[in-house]
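Residue strings, one per chain:
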Amino acid sequence: QVQLVESGGGAVQPGGSLRLSCVASGSIFSINIMGWYRQAPGKQGELLASITYRGDTKYRDSVKGRFTISGDYAKNTVSLQMNSLKPADTAVYYCNVWARANRVSNEYNYWGQGAQVTVYS
């Protein structure tokens, strides 16, 4: 079993910055990819950014240039630095990893508990 614990989040005014962090623990043999999603009320969840164990990153167009994902695969941590925040960024943010418990097991998808980010005018 793998547990993901998020920290960070909060409320800021437009233009402000926040940082989210996530630590994965438990039966982890390897993690292939880590990412951040968000879900706003009444909207579908969306993938914001991902980072592979090789350091390759991808970003959703709406956050490119404002958000930066970083990951430490030795420590099983992933962070999301969010700058120039907008009211449209208000949502619950979730970290996500694809992890393998041992060399021969399948990969499974795991989620953090969610962190509220509110950008208010």
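What comes next is a walk through the structure. (Residues numbered from 1 in each chain as written. Predicted model: local features only at pLDDT ≥ 70, side-chain atom pairs only at ≥ 80, totals over all residues. Heavy atoms only, no water.)

What follows is about the nonpolar core. Formed by 30 residues in total, the largest nonpolar core has its most connected members in Leu80, Met82 and Tyr93. Sorting the residues of this core by element identifies strand 1 (2-8), strand 3 (18-26), strand 4 (30-39), strand 5 (46-52), strand 7 (67-72), strand 8 (77-82), strand 9 (91-100) and strand 11 (115-119) as the ones contributing at least two each. The biggest single contributor to this core is strand 9, with 5 residues. Not counting chain neighbours up to four residues away, the residues in contact with Tyr93 comprise Glu6, Leu20, Tyr37, Arg38, Leu48, Phe67, Leu80, Met82, Gly114, Ala115 and Val117. (Core = buried A, V, L, I, M, F, W, Y, C linked by side-chain atoms within 4.5 Å. Buried < 20%, exposed > 50% of the residue type's maximum accessible area, 1.4 Å probe, protein only. Helix = DSSP H or I, 4+ residues; strand = E, 2+ residues; numbered from the N terminus. Contact = heavy atoms within 4.5 Å.)

Pairing is antiparallel across the open sheet formed by 4 strands, whose spatial order is 1-3-8-7. One side of each edge strand has no neighbouring strand; the edge strands of this open sheet are strand 1 and strand 7. Put simply, the sheet's adjacent strands are angled 15° from each other on average, direction ignored. Pairing analysis gives 6 bridges linking strand 3 to strand 8, with the strands arranged antiparallel. Its bridge partner lying in strand 8, Leu18 is registered against Met82. (Pairing = 2+ DSSP bridges. Axes fitted to C-alpha atoms, helices over the stretch in contact; angles between N-to-C directions.)

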